[in-house]
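Architecture at a glance
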Amino acid sequence: MNLATREAYGNTLAELKDNENVVVLEADLGHATKSLKFKEVCPQRFFNMGIAEADMIGTAAGLAACGKVPFASTFSVFATGRAFDQVRNSVCYPNLNVKIVGTHAGITVGEDGGTHQAIEDIALMRSLPNMSIVVPSDDVEARAAVLAAAAYKGPMYLRMARVASPTYHNDSYVFTLGKGEIIREGSDLTIIACGLMVMKAMEAAEQLAKEGVSARVINMHTIKPLDHKLVIESAKTTGKIITVEEANILGGLGSAVCETVSEYCPVPVKRIGVKDIFGKSGNPDKLLQEYGLTAEHIIEEARKLCK
């Protein structure tokens, strides 16, 4: 089954209707973020703040200060960029229980173009004290992450995709904030990926196995707090790491892994992601190809590392 993580977000919000503390805020994009599914079952706790993202985050902070659990959603580029001041000073500084959900993240936003393709959002949110960051890789994980977010106390940024991705988790999957998931064992190198890139990493590992290269694959769904223990153990076990993310390689998953490895267990690391340039308008699959976010590119870099 292929389902976008934003779809799973909307479906899961509807499941939370019986939690009287959960409230949902939107910035006039509920049809796209899928938060309107909550309005359908619980209209009295749904608030469309209009095209006023800063106001939405400020209002969410006020609701959190009153004991509510607000989910505030809009496109990632607006949630983290346009409202950064409010996220910093109204949510993270007082450590309030606000869940910021950015959908349409990365270059797979596609034809909307570079102005709407958030590639710097992970770096921005990583820089903020008290903020947790989760990037689900499929719809099952997205559902589990939203449920975990509702139970977690503190600021959290959930990064959701516009396009559908293959489901590889089953209903028994247990999401644990801050704990990476080993989805394939290997001994020659480790591929650490998040979001849509996890399946690309799995495709690459399967091909590499045919070439005699054993690749461990980690779904690093939580970028912050990072699973330092797993990163260090993988560095010691395989001696080489590739990171893959649909975001700028500066300040994101790759940077987080490099910071950990350089301090505790220095090994070669190759970062695959958007190379500090903006996106452009185009078909999502063609954009992934152009920016080197494919299984083929991962395989090429793995071959170089393993020489």
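Residues numbered from 1 in each chain as written. Predicted model: local features only at pLDDT ≥ 70, side-chain atom pairs only at ≥ 80, totals over all residues. Heavy atoms only, no water.

Brief notes about the pattern of salt bridges
A full pass over the atoms with the stated rule returns 13 salt bridges. Note that E259 and R126 form a salt bridge whose closest N and O atoms lie 2.7 Å from each other. Pair noted here: E259 is in helix α11 (residues 253-264) and R126 is in helix α7 (residues 121-126), with a separation of 133 residues, a long-range link. Between E211 and R303 there is a salt bridge, with the nearest N and O atoms lying 2.6 Å from each other. Remark: R303 occurs in helix α13 (residues 295-306) and E211 occurs in the loop between α9 (197-210) and β11 (215-219); sequence separation between them is 92 residues. (Salt bridge = Lys/Arg side-chain N within 4 Å of Asp/Glu carboxyl O. Helix = DSSP H or I, 4+ residues; strand = E, 2+ residues; numbered from the N terminus.)

Thoughts on the side chain of T74
Along the chain, the position of T74 falls in strand β4 (residues 69-75). Taking relative accessible area as the criterion, T74 reaches 0% and is therefore assigned buried. (Buried < 20%, exposed > 50% of the residue type's maximum accessible area, 1.4 Å probe, protein only.)

Things to note about the packing of α9 against α13
Across the interface, α9 lies against α13 with an axial gap of 8 Å and an inter-helix angle of 50 degrees. Relative to α13, the element α9 is oriented oblique. Where α9 crosses over α13, the two elements pack in a sense that is right-handed. For the pair α9 and α13, the contacting residues are K200, A201, E203, A204, Q207 and L208 in the first and A295, I298, I299 and A302 in the second. (Axes fitted to C-alpha atoms, helices over the stretch in contact; angles between N-to-C directions. Parallel < 35°, antiparallel > 145°, perpendicular 65-115°, else oblique. Left-handed = near helix turned anticlockwise from the far one by under 90°. Contact = heavy atoms within 4.5 Å.)

Quick word on the domain arrangement of the chain
The domain boundaries assigned to the chain delineate domain 1 (2-166) and domain 2 (181-306). Summarising the inter-unit geometry, the C-alpha centres of domain 1 and domain 2 are found 25 Å apart. Contact residues are listed per partner, giving 29 residues for domain 1 and 36 residues for domain 2. In this structure, the connection of domain 1 to domain 2 is made through one salt bridge. Elements with a contribution of two residues or more to the side of domain 1 that touches domain 2: α7, β6 (132-134) and β8 (164-166). At four residues, α7 tops the list of elements feeding residues into the side of domain 1 that touches domain 2. Here the residues of the side of domain 1 that touches domain 2 sort into 16 nonpolar, nine polar and four charged. (Domains from an automatic or database assignment. Nonpolar A, V, L, I, M, F, W, Y, C, P; charged D, E, K, R; others polar.)

Focus: the sheet that holds strand β9 (residues 181-184)
One open sheet holds the five strands; their spatial order is β9-β11-β10-β13-β14, and the pairing between them is mixed. Taken across any chain shown, the strands that pair with only one partner, and hence form the sheet edges, are β9 and β14 (269-274). Averaged over all adjacent pairs, the angle separating strand axes in this sheet is 25 degrees, with direction ignored. By the bridge criterion, four bridges tie strand β10 (residues 189-193) to strand β13 (residues 241-248) in an arrangement that is parallel. Bridge pairing in β13 places A193 opposite V244. Relative to β11, helix α10 (residues 228-238) is tilted by about 175 degrees, and along the sheet it contacts β9, β10, β11 and β13. Contacts from α13 reach β10, β13 and β14, with the element oriented near 145 degrees to β13. (Pairing = 2+ DSSP bridges.)

Thoughts on α11
Here α11 is 12 residues long and its end C-alpha atoms lie 17 Å apart, about the 16 Å a rise of 1.5 Å per residue gives. Within the span of α11, buried status applies to L253, G254, S255, A256, V257, T260 and V261. For α11, the elements touching its buried residues are α7, β10, β12 (222-224), α10, β13 and β14. (Expected span 1.5 Å × (residues − 1).)

Structural notes on the pairing of β4
β4 sits mainly inside the fold: seven of its seven residues count as buried. By the bridge criterion, five bridges tie strand β2 (residues 22-26) to β4 in an arrangement that is parallel. By the bridge assignment, V22 is partnered in β4 with V69. Where β4 lies against strand β5 (residues 99-103), five bridges are found, and the strand directions are parallel. Its bridge partner lying in β5, T74 is registered against G102.

Concerning the UniProt feature "domain: Transketolase-like pyrimidine-binding" (unreviewed entry) in the chain
Under the feature "domain: Transketolase-like pyrimidine-binding" (unreviewed entry), the UniProt entry names residues 3-167. End C-alpha to end C-alpha, residues 3-167 measures 7 Å, and it is 42% helix and 19% strand. (UniProt positions renumbered as here; feature names shortened; annotations may be inferred.)

Describing the packing of helix α1 (residues 5-15) against helix α8 (residues 139-151)
α8 packs onto α1 with a crossing angle of 40 degrees between their chain directions and a minimal axis gap of 8 Å. In terms of their interaxial angle, α1 and α8 are classed as oblique. Here α1 and α8 pass one another in a crossing that is right-handed. Contacts between α1 and α8 involve T5, A8, Y9, T12 and E15 from the first element and D139, A142, R143, V146 and L147 from the second. Per-class residue counts for the contact of α1 with α8 are five nonpolar, two polar and three charged.

Details of the packing of aromatic side chains
Scanning the model with the defined rule gives one aromatic pair in all. Taking the centre distance of 6.0 Å and the plane angle of 5 degrees together, the rings of F75 and F78 count as stacked. Judged by relative accessible area, F75 falls into the buried class, the value being 7%. (Phe/Tyr/Trp six-rings, centres within 6.5 Å; stacked < 30°, edge-to-face > 60°.)

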